[in-house]
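Per-entry structural report
Next come the chains, spelled out residue by residue.
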Amino acid sequence: TQAVHEQKETADLSSFEYARDRLMMGIERKTLSMTEKDRLNTAIHEAGHATVCYFTKGAKKLYKATVVARGGSLGATYMEPDDSDMLSTTKIKCLAQIDTAMGGHVAEKLFIGDKKVTTGCSGDLQGATDIAYKAVMRFGMFGEDVGYTSASIEDLSEERRAKIDKHVRRLLQESEQRVEALLLSKG
């Protein structure tokens, strides 16, 4: 449809890229006005995700990072879909997903300041936490520490839940340390 709007006789590569971006990232919100400070903070956040994604073994291939507001976000970083992940994944890929999700938060902490981290990190932190819980509870990837049973949280004892929570917190803290070291080495 973009080719038609631009009155082109044929669709070219840019028309297909426009369509793909619109499907993957949502409709561009042109009417949203952002301050330069908001744009800079968003750029730092997205650069954190992109840098971690690009330099982390096991991460998906980086597709695009943008500070153009689309859908409900001020910016976004997108990776190429990996069909093999639909069938199964590995511990390295799970850790890479956690690290990539943590990239925006850690970049904000490092380059904007601990006290000025934005609310844009909440979804990323939730995503990293969800992946960590799945790796520990459902995939048994850290069974040496918490056991190799796969169960729902409701079926576990308080002691077992506490052990899992502690391990998930440790995974997220270790991720934060890896990401901080990576960003400082590349920054």
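Residues numbered from 1 in each chain as written. Predicted model: local features only at pLDDT ≥ 70, side-chain atom pairs only at ≥ 80, totals over all residues. Heavy atoms only, no water.

The biggest cluster of nonpolar side chains holds 26 residues, and the ones touching the most others in it are Ile 98, Val 136 and Ile 164. Mapped onto this core, the elements with two or more residues apiece are α3 (36-55), α5 (91-111), α6 (122-138) and α8 (158-186). Sorting elements by how many residues they give to this core places α8 first, with seven residues. The contact partners of Val 136, leaving out residues within four places of it in the chain, are Phe 142, Val 146, Ile 164, His 167, Val 168 and Leu 171. (Core = buried A, V, L, I, M, F, W, Y, C linked by side-chain atoms within 4.5 Å. Buried < 20%, exposed > 50% of the residue type's maximum accessible area, 1.4 Å probe, protein only. Helix = DSSP H or I, 4+ residues; strand = E, 2+ residues; numbered from the N terminus. Contact = heavy atoms within 4.5 Å.)

Okay, the environment of Met 137 next. Assignment of secondary structure puts Met 137 in helix α6. Looking at Met 137, the relative accessible area reads 9%, which means it is buried. Placed 15 residues apart in sequence, Met 137 and Ser 152 show a C-alpha to C-alpha distance of 7.5 Å.

With that out of the way, let us pick up the packing of α3 against α8. Contact pair α3 / α8: the axes reach a minimum separation of 10 Å and the direction vectors enclose 95°. With respect to α8, the element α3 is oriented roughly perpendicular. In this structure, α3 uses Gly 48, Thr 51, Val 52 and Phe 55 to contact α8, whose residues at the interface are Val 179, Leu 182, Leu 183 and Lys 186. Classifying every residue of the contact of α3 with α8 gives five nonpolar, two polar and one charged. (Axes fitted to C-alpha atoms, helices over the stretch in contact; angles between N-to-C directions. Parallel < 35°, antiparallel > 145°, perpendicular 65-115°, else oblique. Nonpolar A, V, L, I, M, F, W, Y, C, P; charged D, E, K, R; others polar.)

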